[in-house]
Amino acid sequence: MKKIFLLFSLGMVLLASVLVGRTLLTTESSVEPPERLSTVTVDGEAATGRLARALTYRTVSRPYPEPQNPATFGPFVEYLKSAYPTVFSRLEVETVGGYSLLIRWPGSQPGLKPILLMSHMDVVPVIPGTEKRWRHPPYDGVVSDGYIWGRGALDDKSGVLGILEAVEVLLHEDFFPSRDIYLAFGEDEEVGGQQGALQIASLLESRGVRLEFVLDEGGAITRGIVPGVSGPVALIGPAEKGYLSLELSAEDAGGHSSQPPPVTAAGRVARAVDRIQSNPFPLTMEHTATFIAHLGEEVSFVQRMVFANAWLFGPFIEQLLPDNPALIAGMRTTVAPTMLAGSVKDNVLPMEARAVVNFRIIPGESVASVTARVEALVDDERIGVEPYGFVSEPSPVASTDSFGYRMLERSIRQVVGDPALVIAPRLVIGATDARHFARIADASFRFLGVTLGPEELKGFHGTNERVSVEGYLEAIKIYYRLIRNAAS
Ligand SMILES: [Zn+2]
């Protein structure tokens, strides 16, 4: 008995040392000395005013193949030309699709691969009836209380204008890039990007352009958003999830609801939806494990231990973690039934019933593997399973050791003075225009250097969208530093 106890204790000690050892080994040292350079001269007030004015153009996009509204997109592009005269007169500017812009700043060394900085000009609509809930009208471009208010302030005109501000300053400083720098501003990111980003990417591909890296929206400098971390955390997206909606449909003879078949078309579809939803996709720990490792000692030892030892804790991870949908979304293909339709009347049997389920696919899985899993789960030959709307595969995952990530990391550190700053790669759970460039880019990153707290985060596609003036000016400086770091 004593021997067994001794063996058991020895086993526990061994296990504990493995767990602790792995935890410490995988924890990245997060605190690096900040390397601040003399501040860039950006005329803060003028730059703020230019962004505020940009928010007065109602560039709400229409889905492909409808052309964008000439009454809003035309004047918006004209405005950009007048606000950034040096960019538009000195660099090579092409219009792609209807209003999308591709701008090339030629580099001096043709052997170096170009980089591409991108953003989108379009915005999502303000939901009718919610205008009154905005503290300042969504299209007035108000600057107040240290914020620039309006639809598009975060998503994504601060990206468009921020990039242009940085390039305008660099041109005035007579900076000449070593490698080609492309700027790409799409007109329809919010509705799939077919007229903007996709066409720009195809055009570059037809010219044989191969990009060192692409930088799009999708990450930011967060404060008070990553649980347990009090200082700023710059989240850089090295990958994004794929997008797929599947329509499940069933047909039936219909008739009077007083004499129904054992399962109606509506019941059949409901059963299929339930089978999909009650069988969650397997967890993929690696993206979150890398993220947690980069947060370093900011995160509790227990949390780090759990992720560093996913081989052991994997099966129980959901019980160990707080109920946090955003955290779980970073670890698996998510399932969201969103649309349902059956009979038009309560006492009429449906002749057709339909449901749409939206999936966000984790890198490593694919549209085909998700569809196959769904068909196997539904296991009902009377249910049709068809793709619905736009489809996109998960992106490749860019390395944190790559040139682009290192340059981005360096640029952020040079601008953000807070010694508590942590920079970490975080899988983007939504879709961005960057995915259209996957075929021609060695790496893609999703990051816009604005600062977001929990309140600002609600502004994305919501009410009271706003960006802090200070955060916007930092974003400009990060673009500025990035161009100098990556193309000097
Ligand atoms: Zn966006």
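Small disclaimer: the values here were computed from a predicted structure and weren't measured.

*Asks:* Could you give an account of the coordination of the zinc ion, with specific residues and numbers?
*Replies:* Donor atoms from the polypeptide that coordinate the zinc ion comprise H120 (NE2), D155 (OD), E217 (OE) and E217 (OE), at 1.9 to 2.4 Å from the metal. Metal-centred angles of 55 to 143 degrees between the four donor atoms at the zinc ion mark the site as irregular. Here the donor residues of the zinc ion are spaced in sequence according to H-x34-D-x61-E. Note that D155 is positioned in the loop between β5 (147–149) and α5 (157–172) and E217 in the loop between β7 (213–216) and β8 (221–222), a separation of 62 residues in sequence.

*Asks:* Would you mind going over the side chain of S395 in detail, with residue names and values included?
*Replies:* Mapped onto the elements, S395 comes out in the loop between β15 (384–387) and α14 (403–415). Within the local environment of S395, its side chain forms a polar contact with the backbone nitrogen of E240, the two atoms lying 2.8 Å apart. Filtering out sequence-adjacent residues up to four positions away, S395 remains in contact with A239, E240, P363 and R446.

*Asks:* Residue-level account of the domain arrangement of the chain, with values.
*Replies:* Domains assigned within the chain are domain 1 (44–225 + 399–417 + 426–487) and domain 2 (242–387). Computed from C-alpha atoms alone, the centre-to-centre distance between domain 1 and domain 2 is 32 Å. Together domain 1 and domain 2 conceal approximately 710 Å² of surface at their shared face, both sides included; 67% is due to carbon and sulfur atoms. It is R426, L427 and I429 in domain 1 that bury the most area against domain 2; as a group they hold 78% of the surface buried on that side. Summed over the shared surface of domain 1 and domain 2, the result is zero salt bridges. If you look at where domain 1 meets domain 2, you find zero residue pairs in polar contact (both at pLDDT 80 or more). The residue inventory of the side of domain 1 that touches domain 2, partitioned by class, reads four nonpolar, two polar and one charged.

*Asks:* Describe the sheet that holds strand β19 (residues 466–468), naming the residues involved and giving the relevant values.
*Replies:* If you trace the three strands from one edge of the open sheet to the other, you get β4-β5-β19, paired in antiparallel fashion. Only two strands of the sheet have a single neighbouring strand rather than two, namely β4 (142–144) and β19. Pairs of neighbouring strands in the sheet enclose a mean axial angle of 20 degrees, with direction left out of account. Bridging between β4 and β5 involves three bridges; their strand directions are antiparallel. Within β5, the position partnered with V142 by the bridge is W149.

*Asks:* How would you summarise helix α8 (residues 286–295) if you had to cite specific residues and measurements?
*Replies:* Summarising burial for α8: eight of the ten residues are buried, a large majority. For α8, the set of buried residues is H287, T288, A289, F291, I292, A293, H294 and L295. Within two residues after α8, G296 carries a phi angle of roughly 60 degrees, on the positive side.

*Asks:* Residues and numbers for the packing of helix α2 (residues 44–54) against helix α16 (residues 469–487), please.
*Replies:* α16 packs onto α2 with a crossing angle of 100 degrees between their chain directions and a minimal axis gap of 10 Å. Of the possible angle classes, the one that applies to α2 and α16 is roughly perpendicular. Residue-level inspection shows G44, A47, T48 and L51 of α2 in contact with α16, the latter providing V469, Y472, L473 and I476. Residue composition of the contact of α2 with α16, by class: six nonpolar, two polar and no charged.

*Asks:* Provide a residue-level description of the pattern of salt bridges, including the pertinent values.
*Replies:* Summed over the entire model, instances satisfying the criterion amount to 19 salt bridges. Residues R268 and D380 are paired through a salt bridge, measuring 3.1 Å at the closest nitrogen-oxygen approach. With R268 in helix α7 (residues 265–277) and D380 in the loop between α13 (367–378) and β15, this residue pair connects regions lying 112 residues apart in the sequence. The burial state of R268 is the same as that of D380; both residues are buried. Ionic contacts of the salt-bridge type, sharing partners, join the residues E92, R104 and D180 into one network.

*Asks:* Which residues make up the sheet that holds strand β9 (residues 233–236), and what values go with them?
*Replies:* Strand order in the open sheet formed by four strands is β16-β9-β8-β18, with mixed pairing between adjacent strands. The open sheet has two free edges, formed respectively by β16 (422–425) and β18 (451–452), since each of these has just one partner strand. Where β8 meets β18, two bridges bridge the pair, whose relative direction is parallel. Across the sheet, residue T222 finds its bridge partner in β18, namely L452. Against the sheet, α14 makes contact with β9 and β16, and its axis sits at roughly 155 degrees relative to β16, the strand it touches most.

*Asks:* Hey, could you go over the nonpolar core for me, with residue numbers and the actual values?
*Replies:* One finds L80, L164 and I412 to be the most contacted residues of the largest nonpolar core, which totals 74 residues. No other element matches α16, which puts twelve residues into this core. Residues contacting L80, with those up to four places away along its chain left out, are F88, L101, M121, V160, L161 and L164.

*Asks:* Tell me about unusual backbone geometry, and please be specific about residues and values.
*Replies:* The residue after Y64, namely P65, is reached through a cis peptide bond having omega 5 degrees. The topology assignment puts P65 in the loop between α2 and α3 (70–83). Of note, the phi angle at D379 is positive, near 45 degrees, even though the residue is not glycine. Mapped onto the elements, D379 comes out in the loop between α13 and β15. Positive phi is not limited to glycine here, since H461 has a value of about 60 degrees. Within the secondary structure layout, H461 lies in the loop between α15 (454–457) and β19. Overall, H461 belongs to the partly exposed group, its relative accessible area being 42%.

*Asks:* For the packing of α7 against α13, give the residues involved together with the corresponding values.
*Replies:* Interhelical geometry of α7 versus α13 gives an angle of 120 degrees and a closest axis separation of 9 Å. Accordingly, the angle class assigned to the pair α7 and α13 is oblique. Every pair of crossing elements has a handedness; the one defined by α7 and α13 is right-handed. Between α7, through A272, R275 and I276, and α13, the contact on the second element is made entirely by V374, L377 and V378.

*Asks:* Explain the packing of aromatic side chains residue by residue, including any values.
*Replies:* On inspection of all chains with the given rule, the structure shows ten aromatic pairs. Note on F213 and F445: the rings are 6.4 Å apart at their centroids and 65 degrees apart in plane angle, and the pair reads as edge-to-face. With F213 in strand β7 and F445 in strand β17 (residues 444–446), this residue pair connects regions lying 232 residues apart in the sequence. For the pair F281 and F359, a centre-to-centre distance of 6.2 Å together with 70 degrees between the ring planes defines the contact as edge-to-face. Highlighted residues: F281 in the loop between α7 and α8 and F359 in strand β14 (residues 352–361), separated in sequence by 78 residues. Residue F281 is classed as buried on the basis of its relative accessible area, which comes to 3%. Taking the relative accessible area as the measure of exposure, F359 reaches 0% and is therefore buried. These aromatic residues form a ring-pair network of at least three members: F213, F403, Y405 and F445.

The rules we used
Residues numbered from 1 in each chain as written. Predicted model: local features only at pLDDT ≥ 70, side-chain atom pairs only at ≥ 80, totals over all residues. Heavy atoms only, no water. Donors = N, O, S within 2.8 Å, 3.2 Å for Na, K, Ca; no water. Tetrahedral: all angles 85-135°; square planar, octahedral: opposite > 155°, others 65-115°. Helix = DSSP H or I, 4+ residues; strand = E, 2+ residues; numbered from the N terminus. Polar contact = N/O pair within 3.5 Å; in protein donor to acceptor, adjacent residues only side chain to side chain. Contact = heavy atoms within 4.5 Å. Domains from an automatic or database assignment. Buried area = accessible area lost by both parts, 1.4 Å probe. Salt bridge = Lys/Arg side-chain N within 4 Å of Asp/Glu carboxyl O. Nonpolar A, V, L, I, M, F, W, Y, C, P; charged D, E, K, R; others polar. Pairing = 2+ DSSP bridges. Axes fitted to C-alpha atoms, helices over the stretch in contact; angles between N-to-C directions. Buried < 20%, exposed > 50% of the residue type's maximum accessible area, 1.4 Å probe, protein only. Parallel < 35°, antiparallel > 145°, perpendicular 65-115°, else oblique. Core = buried A, V, L, I, M, F, W, Y, C linked by side-chain atoms within 4.5 Å. Left-handed = near helix turned anticlockwise from the far one by under 90°. Phe/Tyr/Trp six-rings, centres within 6.5 Å; stacked < 30°, edge-to-face > 60°.

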